[in-house]
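So you can see what is in the structure, the chains are spelled out below.
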Amino acid sequence: MSGQYYSFEQERIYWMDALKGLGITVMVLGHMAITETLSGWINSFHMPMFFMISGFLYEKHKETNFWKFVRKKLETLIFPYICFSLISILFSCMKKLISPDSTSVAEVILQFLKGNVVESNLPLWYLTTLFFVTITFFLIAKWGEAIQVILILSGITIIVLAFQLPFRLERGIKGLIFYGTGWLMRCTYKWLKKEHGHYCFPDLLGGVTVMVGLSIWLIIIQMLNINGIALNIGNMETFNTLLLFPISLLGTAVFVGFARRLQYSELIRYLGAHSIVILCTHILVKDVLSVTIKIVTHKSDGWIHQVNNLQSVILTIAILLLEIPIIYVIKKYLPFLIGKHKNK
């Protein structure tokens, strides 16, 4: 979720930021009060897709020094996690003053010190999990080329954790597989570019192919919902895991097709290029928006928790619009919050 364009030999891959922009939009919507059907659709692919994107962007030939790599990931993942966790705790203190029935501040701090993600900003789990995934994959990738990586990742897929690790690292087992899948896609992408020029797998996703894939995907999700099966990267049941991989790959392929068609949308690319800021702040923005409306209207903010897809879409749009000035401020004045340095 870094804020830059990506390249193979100086080629700017605009559709990648468009893909991240679509993904972060869907993620924000997934954290609103939506129906189980819509939630099931989003959870079936959106976090696996982000792990695959991160793996796709991993440049093995550039990352040769392990400790430099660890330091970079500490700066860009763990430091932002700590910063936004502390900011979230501060927000919890302020919210407690306004809403006495909210979660105890002492409990929030205690959970953080125990190694749990701050309850008032749960999406931060992705940062610590991605740190675990990137460091682990660095070591795996150093052992060999693509075929060895495939064998190692295949072996890891049989591991099923029956307990919760600190910082929700149990999700890193699945995340590692998706990250490796993204890296293997990168290898395939580069090979196709070399062999066939611009004719590569994103170009294969034509309009008809995307719509057919979307239809199949939605039908499968609806059938799973009818049978009470909800796919989620946090569910460590074996059956859930086996289903999650093919369905998340299908969902990601469909979104790559959409991203190819929206790659020249500056707004979508802007959101994608700064998706880490949105990841870390959208829950806080939602809470501030809720409290502000409550103070202004003198009415309960219970409406924000009422299941309503249309209301959730409108709220998502409002949050993303509010994120634009937040991104500007952080990028210009507080880049250290996301592990960046000020441009001189």
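For the structure, see preceding data.
The rules behind these values
- Residues numbered from 1 in each chain as written.
- Predicted model: local features only at pLDDT ≥ 70, side-chain atom pairs only at ≥ 80, totals over all residues.
- Heavy atoms only, no water.
- Helix = DSSP H or I, 4+ residues; strand = E, 2+ residues; numbered from the N terminus.
- Buried < 20%, exposed > 50% of the residue type's maximum accessible area, 1.4 Å probe, protein only.
- Areas by Shrake-Rupley, 256 points an atom, 1.4 Å probe, with all protein chains shown as cover.
- Phe/Tyr/Trp six-rings, centres within 6.5 Å; stacked < 30°, edge-to-face > 60°.
- Core = buried A, V, L, I, M, F, W, Y, C linked by side-chain atoms within 4.5 Å.
- Patch = residues over 30% accessible without salt bridge, like charges linked within 9 Å, V, L, I, M, F, W, Y side chains within 5 Å.
- Salt bridge = Lys/Arg side-chain N within 4 Å of Asp/Glu carboxyl O.
- Axes fitted to C-alpha atoms, helices over the stretch in contact; angles between N-to-C directions.
- Parallel < 35°, antiparallel > 145°, perpendicular 65-115°, else oblique.
- Left-handed = near helix turned anticlockwise from the far one by under 90°.
- Contact = heavy atoms within 4.5 Å.
- Nonpolar A, V, L, I, M, F, W, Y, C, P; charged D, E, K, R; others polar.
- Expected span 1.5 Å × (residues − 1).
- Bend = angle between axes of the 7 residues up to and from the residue.
- Polar contact = N/O pair within 3.5 Å; in protein donor to acceptor, adjacent residues only side chain to side chain.

Caption draft 1: Region of interest: the overall build of the protein. Helix and strand content of the protein: 14 helices and zero strands. Each helix and strand of the protein, ordered N terminal to C terminal, gives the series α-α-α-α-α-α-α-α-α-α-α-α-α-α. Per-residue burial for the protein yields a buried fraction of 49% across its 344 residues. For the protein, the accessible area works out to roughly 17,000 Å², and carbon and sulfur atoms hold 67% of it.

Caption draft 2: Fine view of the packing of aromatic side chains. What the rule picks out here adds up to 22 aromatic pairs. Aromatic pair Y14 and Y264: ring centres 6.4 Å apart, planes at 45°, arrangement tilted. Residue Y14 is located in helix α1 (residues 14-30), and its partner Y264 is located in the loop between α11 (238-261) and α12 (266-273); the two are separated by 250 residues in the primary sequence. On the numbers, 6.0 Å between centres and 75° between planes, the contact of Y58 with F69 is edge-to-face. Note that Y58 is positioned in the loop between α3 (46-56) and α4 (66-98) and F69 in helix α4, a separation of eleven residues in sequence. Both residues of the pair, Y58 and F69, belong to the buried class. One aromatic cluster is present, built from ring pairs that chain together Y58, F66, W67, F69, F137, F138, Y179 and W183.

Caption draft 3: Up close: the nonpolar core. Among the nonpolar cores identified, the biggest contains 83 residues, and L19, Y126, L127, W217 and F255 are the most heavily contacted of them. Looking at this core, the element that brings in the most residues is helix α6 (residues 125-141), giving eleven residues.

Caption draft 4: Region of interest: a nonpolar patch on the surface. A cluster of nonpolar side chains, F79, Y328, V329, Y333, L334 and F336, forms an exposed patch at the surface whose accessible area comes to about 560 Å². Element by element, the count of residues in the nonpolar patch is highest for helix α14 (residues 309-333), at three residues. For L334, a relative accessible area of 31% puts it in the partly exposed group.

Caption draft 5: Examining the side chain of S85 more closely. With respect to the helices and strands, S85 occurs in helix α4. On the basis of relative accessibility, which here comes to 0%, the residue S85 falls in the buried class.

Caption draft 6: View of the packing of α12 against α14. Put simply, α12 and α14 touch, their axes get as near as 11 Å, and they point 60° apart. Taken together, the axes of α12 and α14 lie oblique to each other. Here the hand of the crossing between α12 and α14 comes out left-handed. Between α12 and α14, the contacting residues are L267, Y270 and L271 on the first element and L320, I324, I327 and Y328 on the second. Tallied by class, the residues present in the contact of α12 with α14 amount to seven nonpolar, no polar and no charged.

Caption draft 7: Expanded view of α14. The end-to-end C-alpha distance of α14 is 36 Å, a good match for the 36 Å that 25 residues give at a rise of 1.5 Å each. The largest bend along α14 measures about 25° and falls at I324, with the proline P325 one to four residues further on. Every buried residue of α14 is listed here: S312, L315, T316, I319, L320, E323, I327 and I330. The distance from a side-chain oxygen at the start of α14 to the backbone nitrogen of L310 is 3.1 Å, and the residue carrying that oxygen is N308.

Caption draft 8: Region of the structure containing the environment of I293. The topology assignment puts I293 in helix α13 (residues 275-297). For I293, a relative accessible area of 28% puts it in the partly exposed group. Setting aside residues no more than four positions away along its own chain, I293 makes contact with H298 and W303.

Caption draft 9: Focus on the pattern of salt bridges. One pass over the structure, following the stated rule, counts four salt bridges. For the salt bridge of D17 with K20, the shortest nitrogen-to-oxygen distance reads 3.7 Å. With a gap of three residues between them, D17 and K20 both fall in helix α1, about one helical turn apart. Of the charged contacts in the structure, one is a salt bridge between E75 and R71, with a shortest N-O distance of 3.5 Å. Here E75 pairs with R71, and both are found in helix α4, just four residues apart, close to one helical turn. Each of E59, K62 and R186 takes part in a single network of salt bridges with overlapping partners.

Caption draft 10: Spatial organisation of the environment of I330. Structurally, I330 is set in helix α14. Along the sequence, I330 and K340 sit ten residues apart, while their C-alpha atoms lie 9.8 Å from each other. Apart from residues no more than four positions distant in its own chain, I330 is found in contact with F84, V277, P335, L337 and I338.

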